[in-house]
Amino acid sequence: LAKTTQPISMDSYEGQEVNITCSHNNIATNDYITWYQQFPSQGPRFIIQGYKTKVTNEVASLFIPADRKSSTLSLPRVSLSDTAVYYCLVGDRQEDKLIFGTGTRLQVFP
Amino acid sequence: GAGVSQTPSNKVTEKGKYVELRCDPISGHTALYWYRQSLGQGPEFLIYFQGTGAADDSGLPNDRFFAVRPEGSVSTLKIQRTERGDSAVYLCASSLLPAGVGANVLTFGAGSRLTVL
């Protein structure tokens, strides 16, 4: 599985757009990029997944450039409840396990 | 059920004791995973079940750890002769589709926090 690198922490304020970038230089052809969100005392929760270009759902957008060596999770107009740890994962859908890094701890201030 | 249920939510035990942690996956989910999470770290893979069989147990740290899923639904993670280093949150997840098919999107439970004194 490709190794990912993401910032350890980020701070933001309510109402702002937050972009968290993940580097995955060794991504393989069959790998997908998946983001999970984790609140304290809860298990991770799937946010979004993509292969290339742009994916958008009701929670977030995922931007993937043509070379796929990085990806950016975009959270529009964050609120205090978006304070959480965000994990970027890269892997083949054939893999039977997800490999989590240490994630990005997002703190949203009033 | 509506989500993945794990019991107990908290377990405090003494070093050397035996512990069982239970996971009730979402009804109909064939794939079940156990992860372990230490403070400040991401979840660490332990074992994956497809149906009743352990398809991948490469993450189990040693032979004190064992997991079963006898009827392809509920799973139990068993830890023998617990050590202080086993203290962590044990997370269970399930997926409708087996690994290798679909998006590998997992639904996690809230976890069982194990503290070994």
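Residues numbered from 1 in each chain as written. Chains lettered and ligands numbered in written order. Predicted model: local features only at pLDDT ≥ 70, side-chain atom pairs only at ≥ 80, totals over all residues. Heavy atoms only, no water.

Trainee: Please set out the state of the cysteines residue by residue, giving values where relevant.
Mentor: All names here are of chain B. All chains considered together, the criterion is met by two disulfides over all chains. Between the sulfur atoms of C23 and its disulfide partner C92 the distance amounts to 1.9 Å. Disulfide C23 to C92: torsion about the S-S bond roughly -70°, handedness left-handed. Placement of the pair is C23 in strand 3 (residues 19–24) and C92 in strand 9 (residues 88–95), with a sequence separation of 69 residues. (Disulfide = S-S within 2.5 Å. Helix = DSSP H or I, 4+ residues; strand = E, 2+ residues; numbered from the N terminus.)

Trainee: Explain the side chain of T76 of chain B to me, and be specific about the residues and the numbers.
Mentor: Following the sequence through the fold, T76 of chain B ends up in strand 8 (residues 75–79). By relative accessible area, which is 16% here, T76 of chain B ends up buried. (Buried < 20%, exposed > 50% of the residue type's maximum accessible area, 1.4 Å probe, protein only.)

Trainee: Kindly report on the packing of aromatic side chains, identifying the contributing residues and their values.
Mentor: Tallying each qualifying case throughout the model produces eleven aromatic pairs over all chains. Ring centres of Y13 of chain A and F109 of chain A lie 6.0 Å apart, and the angle between their planes is 45°; this geometry places the pair in the tilted category. You can see Y13 of chain A sitting in strand 1 (residues 9–13) and its partner F109 of chain A sitting in strand 9 (residues 104–109), a full 96 residues away along the chain. Classification of Y13 of chain A as partly exposed rests on a relative accessible area of 48%. Overall, F109 of chain A belongs to the partly exposed group, its relative accessible area being 33%. Ring plane angle 65° and centroid distance 5.8 Å describe the contact between Y36 of chain A and F100 of chain A, whose orientation is recorded as edge-to-face. One end of the pair, Y36 of chain A, is in strand 3 (residues 31–38); the other, F100 of chain A, is in the loop between strand 8 (84–92) and strand 9, and 64 residues separate them in sequence. You can call Y36 of chain A buried: its relative accessible area is 0%. A connected cluster of aromatic rings, assembled from ring pairs, spans Y36, F46, Y87 and F100 of chain A together with Y35, F45 and F108 of chain B. Lying over the aromatic face of Y51 of chain A, R68 of chain A brings its terminal NZ or CZ to 3.9 Å of the ring centre. (Phe/Tyr/Trp six-rings, centres within 6.5 Å; stacked < 30°, edge-to-face > 60°. Lys NZ or Arg CZ within 6 Å of the ring centre and 35° of its normal.)

Trainee: Give a detailed account of the sheet that holds strand 8 of chain B, specifying residues and quantitative values.
Mentor: Residues and elements named next belong to chain B. With antiparallel pairing, the four strands of this open sheet are ordered in space as 1-3-8-7. Pairing within the sheet leaves two strands with one partner each, and these edge strands are strand 1 (5–7) and strand 7 (65–68). Across the sheet, the mean angle separating the axes of adjacent strands is 15° when strand polarity is ignored. Judged from the three bridges that link them, strand 1 and strand 3 form a sheet pairing that is antiparallel. For T7, the partnering residue across the bridge sits in strand 3 and is R22. (Pairing = 2+ DSSP bridges. Axes fitted to C-alpha atoms, helices over the stretch in contact; angles between N-to-C directions.)

Trainee: Quick one: what's the story with the environment of Y35 of chain B, residue by residue and with numbers?
Mentor: Tracing the sequence through the fold places Y35 of chain B in strand 4 (residues 31–37). For Y35 of chain B, a relative accessible area of 0% translates into the label buried. With 21 residues separating them along the chain, Y35 of chain B and E14 of chain B place their C-alpha atoms 22 Å apart. If we ignore the near neighbours within four places in the chain, the residues touching Y35 of chain B are K97, L98 and F100 of chain A together with P43, E44, F45, L46, V89, Y90, L91, L106 and F108 of chain B. (Contact = heavy atoms within 4.5 Å.)

Trainee: Explain the sheet that holds strand 7 (residues 70–75) of chain A to me, using residue names and the numbers behind them.
Mentor: All names here are of chain A. The strand order across the open sheet formed by four strands is 2-7-6-5, and the pairing between neighbours is antiparallel. Of all strands in the sheet, those with a lone pairing partner are strand 2 (18–23) and strand 5 (53–56), marking the two edges. Each neighbouring strand pair of the sheet contributes to a mean axis angle of 15°, computed without reference to strand direction. Strand direction decides the pairing type here: strand 5 and strand 6 (residues 61–64), joined by four bridges, are antiparallel. Bridging across to strand 6, V55 finds its partner in L62.

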